[in-house]
Every structure is written in C-alpha cells, then in structure tokens.
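Analysis of the macromolecular model
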Amino acid sequence: AQSVTQLDSHVSVSEGTPVLLRCNYSSSYSPSLFWYVQHPNKGLQLLLKYTSAATLVKGINGFEAEFKKSETSFHLTKPSAHMSDAAEYFCVVSTYSGTYKYIFGTGTRLKVLA
Amino acid sequence: DTAVSQTPKYLVTQMGNDKSIKCEQNLGHDTMYWYKQDSKKFLKIMFSYNNKELIINETVPNRFSPKSPDKAHLNLHINSLELGDSAVYFCASSQDINEQFFGPGTRLTVL
C-alpha cells in the first residue's frame, strides 16, 4: 500500500535561513509525489511534483525537492526562508486504481521567525 | 477566472439539519473529488467521480451523498448533520495528468 510519512509536525526557522521539510514514502512501484502548501484559511496550492522524470524537481517560490529512491525520500527544501513561507505543507503520494487517488501526509507546520 | 470554486465558503448549522456544498470547475477536467480536512489538518479523500460516474467511495457514512449533474459539477449533500461532521471540505479536479487542482474549501461548523 502507498503511504507517506512527514517526519516533523512543526518546523521553525529564522527568516533567511534554509528550510528542510522531510517526507518519506512507501510504494510498491514508482510513485508520483507532490508537495502542496496551505496558507492559513486558504486552499491547497501545488508547489511541485515528481512523476518519474528528473529526480531534482524545482517548484514555485524557490522550493525544490529531490526524489531519492534508495532512501524512499522526497524532502522539500528552500535556500532562504521568507516570512510569507509560513504555512502548512503536505507531502502527497498518488496511487492509481481507475482514477488517481491522493494519499496525504499529516502535514508540517512551518513557522518563520523574524 | 477561478478554476475550482466552492459555495458556500462558510456554513454554520445545527445538528440534524441537511445541507449541501456546491463545487464547480472550469478546467474541462473529467475527474472531481471531495476531501475532508479535520481539526488536526489531516486530509482524507471521500469521493471521486469520473465523467459523472462514482469511482472512489472511501467508506463515508451514507448520510453523505455526492451528486454530479455534469462533469463540471460535483455537489456534496449531507443529511442529519452531526457534530463530527465539522471540518473543512475541499473539492478538487484533475485530468489524466495526475495533478489535482483544489478549491478554496468550505468550513462547515455543526452546533
């Protein structure tokens, strides 16, 4: 069965320092993986996706993620945090059984300190 | 040019009432979904429709009944609302490119 584990429920960083949000996946075949961001009281916005092309995926707002099959990881990084990055981040794995179904991680709340 | 829209944005109602949430997408996608986000922010799929046909039903209580009049709309009707139904409900749509586009959410509060 497909699943994702977000290793940290909360992450705090200072503005201007790097961001690392960790995600491990479990999949019986080559997965499709996504990171979504949810700002307070807002909907979900796609940051980036991995669908078996380049293992280093660049997304919006300076975020990127690297697919590492040997480590079953898809960690999200950003070189320099901005106050506007404060939000909830979800790692998602996609399965297919007639239609694409998302399995969400439990989310990581990113706090950016001034 | 909202891609996936939901109405209402907020819904406050009493236990036992029946309510509906509407969703519309203008992306031309064939598949639509309903998700429930609980108070701990956990998101779980409830239903999926493809071209008006039910594809996924994640053992949701039968008080919840999705209805898809056409492939651009997927409405969620909830009978006999309970306290535990309080959550944020998200609609989403996708084409076969394996990427889902989410609506802004409907916050349902059952008193």
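All of the points below concern the structure found in this document. (Residues numbered from 1 in each chain as written. Chains lettered and ligands numbered in written order. Predicted model: local features only at pLDDT ≥ 70, side-chain atom pairs only at ≥ 80, totals over all residues. Heavy atoms only, no water.)

**Quick look at empty space enclosed by the protein**
This structure, assessed with the given rule, holds 1 cavity of 30 Å³ or more. Lining the largest cavity are 13 residues; nearest its centre among them are Asn41(A), Lys42(A), Val88(B), Pro104(B) and Arg107(B). Elements supplying a minimum of two residues to the lining of the largest cavity: strand 9 (87-94) and strand 11 (106-110) of chain B. Partitioning the lining of the largest cavity into residue classes produces 4 nonpolar, 5 polar and 4 charged. (1 Å grid on protein atoms, 1.4 Å probe; cavity = no way out; pocket = protein on both sides within 12 Å on 5 of 7 lines; lining within 4 Å. Points joined across faces, edges and corners; volume = space filled by probe spheres on them. Helix = DSSP H or I, 4+ residues; strand = E, 2+ residues; numbered from the N terminus. Nonpolar A, V, L, I, M, F, W, Y, C, P; charged D, E, K, R; others polar.)

**Things to note about the interface of chain A and chain B**
With 24 residues of chain A at the interface, the matching set in chain B holds 22 residues. Counting every contact that joins chain A to chain B gives 2 salt bridges. Between Glu99(B) and Lys49(A) there is a salt bridge; the shortest N-O distance is 2.7 Å. Across the contact surface, chain A and chain B share 6 residue pairs in polar contact (both at pLDDT 80 or more). Contributions of two or more residues to the side of chain A that touches chain B are made by strand 5 (32-38), strand 6 (44-50), strand 10 (87-96) and strand 11 (100-104) of chain A. (Contact = heavy atoms within 4.5 Å. Salt bridge = Lys/Arg side-chain N within 4 Å of Asp/Glu carboxyl O. Polar contact = N/O pair within 3.5 Å; in protein donor to acceptor, adjacent residues only side chain to side chain.)

**Some details on the sheet that holds strand 1 (residues 4-7) of chain B**
All names here are of chain B. Spatial strand order, 1-3-8-7: 4 strands in an open sheet with antiparallel pairing. Each edge of the open sheet carries a strand with a single partner, namely strand 1 and strand 7 (64-70). On average, adjacent strands in this sheet sit at an angle of 20° to one another, irrespective of strand direction. Sheet topology places strand 1 next to strand 3 (residues 19-25); 4 bridges connect them, and they run antiparallel. Bridging from a neighbouring strand, Gln6 pairs with Cys23 of strand 3. (Pairing = 2+ DSSP bridges. Axes fitted to C-alpha atoms, helices over the stretch in contact; angles between N-to-C directions.)

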